[in-house]
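Coordinates in review
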Amino acid sequence: MANQTAKSLKGKALGDLEAGKLPQALKKAQLGIKKFPKDTDFQAIAGFVFTELKQYKKSIPHFVEAARRKPDDPQFAENLANALMQTGQIPRALAYAEKMLEQFPNNAELVRVVDEIQLKGSNWREIVEHATEKLKKSPDDVTLLTTRARAYDRIGFSDNCRQDAYRAYELAPDDNAVAFQKASILHQEGKKKDAAEILDRIITNDPAHVASLLQLSNMADEDRARDLEPLVATAIDNSDHPVSQLEFAKAQITSVLHGLTAAMPGFARANELQHELNPYKFGDESQKLRRIVQLFPEIDTPISSEVVDGPIPIFVIGQPRSGTTLMEMMLSSIPDVAGCGELTVGPDLSYDFIHEGKAYDAKDAEEFARDFRRLMPPVPETSIAFVDKLPHNYQQVGFLLSAFPNAKVINMMRDPRDVGLSKWIRRFPAPGMRYASNLEAIGHSANMYRKYIAHWETIFGDRILTVPYEKLVADPETYSRQVADFLGLEWHETMMHPEKNKKQVRTASIDQVRKKISTKSIGGWRQVADHIQPMLSGFDPELWPEYDLS
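Residues numbered from 1 in each chain as written. Predicted model: local features only at pLDDT ≥ 70, side-chain atom pairs only at ≥ 80, totals over all residues. Heavy atoms only, no water.

A separate point is the overall build of the protein. Helix and strand counts for the protein stand at 26 helices and 5 strands. Its C-alpha atoms give the protein a radius of gyration of 25 Å, within 12% of the compact-globule value 24 Å for 550 residues. Along the first, second and third principal axes, the C-alpha atoms of the protein reach 85 × 60 × 55 Å. Each of the 550 residues in the protein was classed as buried or not, and the buried ones make up 55%. Summarising the internal contacts of the protein: among those between residues at least 6 apart in sequence, 72% fall at separations of at least 24. Only carbon and sulfur atoms are counted for the fraction: they give 49% of the accessible area of the protein, which is about 25300 Å². Between the mean site of the 69 positive side-chain charges and the mean site of the 77 negative ones, the protein shows a separation of 6 Å. (Helix = DSSP H or I, 4+ residues; strand = E, 2+ residues; numbered from the N terminus. Rg over C-alpha atoms; globule rule 2.2 N^0.38 Å. Buried < 20%, exposed > 50% of the residue type's maximum accessible area, 1.4 Å probe, protein only. Contact = heavy atoms within 4.5 Å. Areas by Shrake-Rupley, 256 points an atom, 1.4 Å probe, with all protein chains shown as cover. Lys, Arg positive; Asp, Glu negative; His and termini not counted. Charge placed at Lys NZ, Arg CZ, Asp CG, Glu CD.)

A complete count under the given rule lists 25 salt bridges for this structure. A salt bridge links Lys10 to Asp41; the nearest nitrogen and oxygen atoms lie 3.0 Å apart. Taken together, the residues span a long stretch of sequence, with Lys10 in helix 1 (residues 2-18) and Asp41 in helix 3 (residues 40-52) at a distance of 31 residues. Its relative accessible area of 16% is what places Lys10 among the buried residues. Glu189 serves as the salt-bridge partner of Arg162, at 2.6 Å between the closest nitrogen and oxygen. Of this pair, Arg162 sits in helix 10 (residues 158-171) while Glu189 sits in the loop between helix 11 (176-188) and helix 12 (192-205); the two residues are 27 residues apart in sequence, bridging distant segments of the chain. What makes Arg162 partly exposed here is its relative accessible area of 31%. Judged by relative accessible area, Glu189 falls into the buried class, the value being 16%. Three or more residues joined by partner-sharing salt bridges are found here, namely Lys10, Asp39, Asp41 and Lys70. (Salt bridge = Lys/Arg side-chain N within 4 Å of Asp/Glu carboxyl O.)

Bringing the nonpolar core into the picture now. Among soluble globular proteins, nonpolar side chains are generally buried collectively. Among the nonpolar cores identified, the biggest contains 151 residues, and Phe372, Trp456 and Ile532 are the most heavily contacted of them. Broken down by element, the residue count for this core peaks at 11 residues, all from helix 23 (residues 439-460). Setting aside chain neighbours within four positions, we find Ile532 in contact with Met264, Trp424, Leu439 and Trp525. (Core = buried A, V, L, I, M, F, W, Y, C linked by side-chain atoms within 4.5 Å.)

This part is about the pairing of strand 4 (residues 408-413). Of all 6 residues that make up strand 4, 5 are buried, and the element is covered over most of its length. Pairing analysis gives 5 bridges linking strand 1 (residues 312-318) to strand 4, with the strands arranged parallel. For Phe315, the partnering residue across the bridge sits in strand 4 and is Val409. Strand direction decides the pairing type here: strand 4 and strand 5 (residues 464-468), joined by 5 bridges, are parallel. The residue bridging Met413 from the neighbouring strand is Pro468, located in strand 5. (Pairing = 2+ DSSP bridges.)

Let us now look at the packing of aromatic side chains. Working definition: an aromatic ring pair is given by the centre-to-centre distance plus the angle between the planes. With the rule as written, the count across this model stands at 24 aromatic pairs. Considering the side-chain rings of Phe248 and Phe267, the 6.4 Å spacing of their centres and the 50° angle between planes classify their relative orientation as tilted. In this pair, Phe248 sits in helix 15 (residues 244-258) while Phe267 sits in helix 16 (residues 260-277), placing the two residues 19 residues apart along the sequence. Under the relative-accessibility criterion, Phe267 is labelled buried at 1%. Each ring, one from Tyr360 and one from Phe399, has its centre 5.0 Å from the other, and the planes form 80°; the classification is edge-to-face. With Tyr360 in the loop between helix 19 (345-355) and helix 20 (362-375) and Phe399 in helix 21 (residues 397-403), this residue pair connects regions lying 39 residues apart in the sequence. Taken together, the aromatic side chains of Phe296, Phe315, Phe353, Tyr360, Phe368, Phe372, Phe386, Phe399, Phe404, Trp456 and Phe460 make up a single cluster linked through ring pairs. In this structure, Lys358 is placed above the aromatic ring of Phe353, and the distance from its NZ or CZ to the ring centre is 4.8 Å. (Phe/Tyr/Trp six-rings, centres within 6.5 Å; stacked < 30°, edge-to-face > 60°. Lys NZ or Arg CZ within 6 Å of the ring centre and 35° of its normal.)

Turning to its location among the elements, Gly47 is positioned in helix 3. Of the residues examined, Gly47 reaches a relative accessible area of 0% and is grouped as buried. Those residues within four positions of Gly47 in sequence are excluded, and the remaining contacts are Ser59, His62 and Phe63.

For the pair helix 8 (residues 121-135) and helix 9 (residues 142-154), interaxial distance at closest approach is 9 Å and the crossing angle is 150°. Taken together, the axes of helix 8 and helix 9 lie roughly antiparallel to each other. Judged by the sense of rotation from one axis to the other, the crossing of helix 8 with helix 9 is left-handed. Side by side, helix 8 and helix 9 meet where Trp124, Ile127, Val128, Ala131, Thr132, Lys134 and Leu135 of the first sit next to Leu144, Leu145, Thr147, Arg148, Arg150, Ala151, Tyr152 and Arg154 of the second. (Axes fitted to C-alpha atoms, helices over the stretch in contact; angles between N-to-C directions. Parallel < 35°, antiparallel > 145°, perpendicular 65-115°, else oblique. Left-handed = near helix turned anticlockwise from the far one by under 90°.)

What follows is about unusual backbone geometry. At the junction of Gly310 and Pro311, the peptide bond is cis and its omega measures out at -10° in the coordinates. One can find Pro311 in the loop between helix 17 (282-295) and strand 1. The phi angle at Arg321 is positive, at roughly 80°, despite the residue not being glycine. Its place among the elements puts Arg321 in the loop between strand 1 and helix 18 (324-331). Notably, Asp336 is not glycine yet its phi reads approximately 70°, a positive angle. Considering the arrangement of structural elements, one finds Asp336 in the loop between helix 18 and strand 2 (337-339).

Next up, the structure:
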């Protein structure tokens, strides 16, 4: 009888919820919690009602209780993670969502929560503040150190990241997560052998450690690939679900051992798995372009602040894999030019103007400039310029150049077919790179990039220099001199030898830039053209007159 009554009350509560009668649904759910305290569904319904009312704080206790009682039900984990995020509990939300993703790795809603948190640099800064406050009481807390190191890394504070990660490793060298973080930093610093030694130790302890298998596969030569092949195969066989990282590792090993053509079906499989969880939204990106064009119309006198403090900002933009890392390494080879890597400050400061409909004027530009310098990592006092090489800043050019009247932009342009292939055969989990796992999306994104550049060149043409990648690598002296002259910097021969630059590299170009400048990768798309036709047919030839895309 009690079960029948509970079922009836539950049905009525759900009916009210679906009909939008939220107060009535909440009243019935709360009655159910009181009369049937062991029935988890009433806790969940109450949480859903508060979520619909956007009273996320009140929903949290209900989802906590529901998740505690039914730990194998991903829906409660999804809603709790979202509620934590919506109430601004960013450190807790990210930690919980990522932990639950280990249990429910193919859960799109948990991926969305992590994705949304990671998009904003302000969230990472909040995580830094949160960890810093807790470390005052527990300075040797390894989890806090690794958490803060990761957050520092995401906002470009590489020295702080390194310090925390190394300290954590001193305290817990046998912790796989801690060891992997140190190995990643060693790799970024060009210490590939030292990184591999730590990664090898990790997979000795845990043969199915996914991140280590992927990183070792990306670093492998032919001999190493042979050793890794059975380990990756075993990890795939023993996994309860498809894992995109392992499929990327398998495809990379196949490429090393049997050639790129043989590996293309594997890369297709890996990208398909990744794109299912984190799809590219064509309409949203087109709408974003329209909004930015509205903020920066083609007028004779564009918006400008009067902030001309040093050091001079240099923004290197372009599609990812177009040579932006190479250009930063060339520029930071010049004495007193600081390379800052890929900063998230520009997209973070422009977010509300783009997504929340805020207007933008000269006063906003001045505030943007002040906040940018306040939030960016410190550079040496002797620096005459700094380089921010976030490729997707091609969307932010209006904000950056209006904020800094003395800033200039180096736009790296490369054959979109080579760029697209390079994206396709690498795993890019970052939120801003979701297009890289879909061939049609790669083509669409490339066309969007050219539309942005065409708009910015109309407004700021004399402050933007486009450097063709193919010409730069074929004749580095001529084009590096051109770049230095455009920026008003003294040319140095070191610009032609970026492989000697010891700066930390945190991008997918981590190994390429440690080698001498080469034309080897030009035209590589031709050998696998049959495998990337959806991308090739997606490029608009009119937007790419420099290349024969017919």
